[in-house]
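Working through the structure, step by step
Here are the chains, one letter per residue:
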Amino acid sequence: MFSFHKAAIKVATGGALALAILAAPPVLTPFVDLGASAEAATWPNKKSKYKKEKELRRVEPLGNSFARQFDKLSKMAEEKDWDSFGSTLSSMRSRYSKYTDAEKISFLWKEIEYAFAIDGLKSEKDPKHESDYGPIIKHYETLLTLHQKMRESQIREILNTLSELHMASGNFQKALDYHHEWLGMGVEVKPDKKFKIGQTHFFLEQYGRSLEWVEEAIADVKAAGQLPKERWYATQKFIYSEQKNSKKVAEILEILVTHFPKKRYWQELGVVYQQDLERPLDALYIFDSLFMQDQLTKSTFLKALAYGYNSNGAPYQMAKVYEYGLEKGYLEETPKHLKDLFFTLQQAGERKKSISVLERYVKLSNNDAEMLNILAEEYINSGAYQKAIDTARKSQKAKDKARKPGASHFQEGVALFYLKKYSDSVKALQRAAKDPKVKGTADPWIGYVKSRINELKSARELEKQLREEIAKGVG
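Let me begin by describing the structure that accompanies this report. (Residues numbered from 1 in each chain as written. Predicted model: local features only at pLDDT ≥ 70, side-chain atom pairs only at ≥ 80, totals over all residues. Heavy atoms only, no water.)

**Digging into helix α5 (residues 82-93)**
Given a rise of 1.5 Å per residue, twelve residues ought to cover 16 Å, and the 16 Å separating the end C-alpha atoms of α5 matches this to within 8%. Those residues of α5 that sit buried are Trp-82, Phe-85, Gly-86, Thr-88, Leu-89 and Met-92. Along the axis of α5, the buried positions cluster into a sector of 165 degrees, meaning they face one direction only. (Helix = DSSP H or I, 4+ residues; strand = E, 2+ residues; numbered from the N terminus. Expected span 1.5 Å × (residues − 1). Buried < 20%, exposed > 50% of the residue type's maximum accessible area, 1.4 Å probe, protein only. Arc of directions from axis to C-beta.)

Structure representation (structure tokens):
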């Protein structure tokens, strides 16, 4: 009967249901897999309620009248005349209760074929069509009530398909129940099926059981000298991540980057090395390689690279990463990012660039008194004294609970001194000295500026005397 499914699927192209059924394994011969997980190892001892003592040898023949109708339906299906198929099927439903068990089974298979076909037609017309698996599941479950009149190969197929259908419809517990019934039929559990059972446990958040099945599927494929599927490793990685087992996560990511070298796996591996396994240099090598290939496009990973550079004594490289990210738009121009970039440029000795970045910062966060004070200091160091005064005064007016008026008055006083506005400088420095935290720095400056004023007064007095003496001499 598996070929029957395939015929229906050819019609139901594009549907999720078709994909689910095509993924199912072929009809299997009875075999107990002794290498299964803890769950599978015990299940064959608990026979499925559909398991028979003796296999059905002879199939009950169909009545002549029903056989003619059945043949008509088969011809309509070949011609894809689903309107006529549906009408004929509808007229046959009224006589369902009068059919023999064999006829009921054949009729239900046709119901399933028609349901597949209609679902496929809907998917062809509307790519966004979402299949309603309810009626199809109902037909399969009705078939199971007639299991005594079916061969075990058919029963295994139905159980397997029902597990797939319930998975596709999101009813994971029901899917698991049918997986168990299928296992209880005494079957060979191939790697794909092991993964599907593990996936069902995964969706039920039964991660321990899920991991048993997934790892066994992986082991079986590796034992055959083949490469396990990417999503098997990805599922395994997720579970270990949930269990906070960073070492295993790293091991799996190392496999993924070897066989499926996608950017996201490299990025994840770098983060695990850096944050969980204390392997900062390994993380730095990974992020640096991705950076050189323009593969770091997310702020999280760009910052991981930047911090890696900084912690390894390379602030200039950290600054280059930040500049690159801001320029490309990978890093949003936020106060936090600009602040980080400023301090890094400052540490790298890039004063001109650092001032430019700090100016951008204060435009976004003009009430940050501390950073305004730092900008004022940077202006003083670069000789932009009037800008320093304006910035210091802006800091004094900032509505910032953490502002330090003493510091801003000090910067103002120093800038005024360099502009040779000594009297104003003393006044600003005296205001600064009222702050106990600044007094120790401001007082020496006050003394210095006053001494400078006195020097100028003395110089002026001396100049005045010289002029008077010269004037007398001339007379």
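Having seen the structure, we can now continue with the description.
**A look at the pattern of salt bridges**
Following the criterion strictly, the structure yields 21 salt bridges and no others. Between Arg-93 and Glu-111 there is a salt bridge whose closest N-O contact spans 2.7 Å. Here the residue Arg-93 occupies a position in helix α5, and Glu-111 occupies one in helix α6 (residues 101-125), the gap between them amounting to 18 residues. Judged by its relative accessible area of 37%, Arg-93 falls in the partly exposed class. (Salt bridge = Lys/Arg side-chain N within 4 Å of Asp/Glu carboxyl O.)

**Notes on the nonpolar core**
Most often, soluble globular proteins have nonpolar side chains that are buried together. In terms of nonpolar packing, the biggest core is built from 78 residues, with Phe-287, Leu-296 and Leu-305 touching the most fellow members. Looking at this core element by element, the count peaks at seven residues for helix α20 (residues 369-382). Not counting residues within four places of it along the chain, the set of residues in contact with Leu-305 comprises Leu-284, Phe-287, Asp-288, Phe-291, Leu-296 and Val-321. (Core = buried A, V, L, I, M, F, W, Y, C linked by side-chain atoms within 4.5 Å. Contact = heavy atoms within 4.5 Å.)

**Let's talk about the packing of aromatic side chains**
A full pass over the atoms with the stated rule returns 26 aromatic pairs. Look at Tyr-324 and Tyr-330: their rings are 5.9 Å apart centre to centre, the planes differ by 65 degrees, and that puts the pair in the edge-to-face class. By relative accessible area, which is 22% here, Tyr-330 ends up partly exposed. Among the aromatic residues, those joined into a cluster by ring pairs are Tyr-385, Phe-410, Phe-417, Tyr-418, Tyr-422, Trp-445 and Tyr-448. Sitting over the face of the ring of Phe-70, Lys-110 holds its NZ or CZ atom 4.8 Å from the ring centroid. The ring centre of Trp-182 lies 4.9 Å from the NZ or CZ of Lys-193, which sits over that ring. (Phe/Tyr/Trp six-rings, centres within 6.5 Å; stacked < 30°, edge-to-face > 60°. Lys NZ or Arg CZ within 6 Å of the ring centre and 35° of its normal.)

**As for unusual backbone geometry**
One non-glycine residue, Lys-80, lies in positive phi territory at about 55 degrees. Examined against the element boundaries, Lys-80 turns out to sit in the loop between α4 (64-78) and α5. The phi torsion at Asp-294 lies on the positive side, around 60 degrees, for a residue other than glycine. Assignment of secondary structure puts Asp-294 in the loop between α15 (280-292) and α16 (299-311).

**Some details on the environment of Val-357**
If you trace the backbone, Val-357 turns up in helix α19 (residues 351-364). On the accessibility criterion, Val-357 (3% relative accessible area) is buried. Here the alpha-carbon distance between Val-357 and Phe-343, two residues 14 residues apart in the chain, equals 9.5 Å. Excluding residues that lie within four positions of it along the chain, Val-357 makes contacts with Leu-338, Leu-341, Phe-342 and Leu-345.

**Examining the packing of helix α14 (residues 263-276) against α16**
Where α14 contacts α16, the two axes come as close as 11 Å, and the packing angle between them is 40 degrees. Taken together, α14 and α16 sit at an angle that is classed as oblique. Seen along the crossing, α14 lies across α16 with a hand that is left-handed. Seen from α14, the contacting residues are Gln-267, Glu-268, Val-271 and Gln-274; seen from α16, they are Phe-301, Ala-304 and Gly-308. For the contact of α14 with α16, a count of residues per class yields three nonpolar, three polar and one charged. (Axes fitted to C-alpha atoms, helices over the stretch in contact; angles between N-to-C directions. Parallel < 35°, antiparallel > 145°, perpendicular 65-115°, else oblique. Left-handed = near helix turned anticlockwise from the far one by under 90°. Nonpolar A, V, L, I, M, F, W, Y, C, P; charged D, E, K, R; others polar.)

**Quick notes on a nonpolar patch on the surface**
The grouping of Leu-462, Leu-466 and Ile-470 at the surface amounts to a nonpolar patch, some 290 Å² of accessible area in total. Tracing the backbone shows Ile-470 in helix α24 (residues 436-474). (Patch = residues over 30% accessible without salt bridge, like charges linked within 9 Å, V, L, I, M, F, W, Y side chains within 5 Å. Areas by Shrake-Rupley, 256 points an atom, 1.4 Å probe, with all protein chains shown as cover.)

**A look at α6**
Helix length check: α6, at 25 residues, gives a terminal C-alpha distance of 37 Å against a target of 36 Å (1.5 Å per residue), a fit within 8%. The buried count for α6 comes to 19 of 25 residues, which makes it a mostly enclosed element.

**Some remarks on the packing of helix α17 (residues 315-328) against helix α18 (residues 335-347)**
The interhelical angle for the contact between α17 and α18, taken along N-to-C directions, is 145 degrees, at an axis separation of 8 Å. Seen from above, α17 lies across α18 with left-handed handedness. Residues Pro-315, Met-318, Ala-319, Tyr-322, Glu-323 and Leu-326 of α17 form the contact with α18, whose own contacting residues are His-337, Leu-338, Asp-340, Leu-341, Thr-344, Leu-345 and Gln-347. Its residues placed into classes, the contact of α17 with α18 shows eight nonpolar, three polar and two charged.

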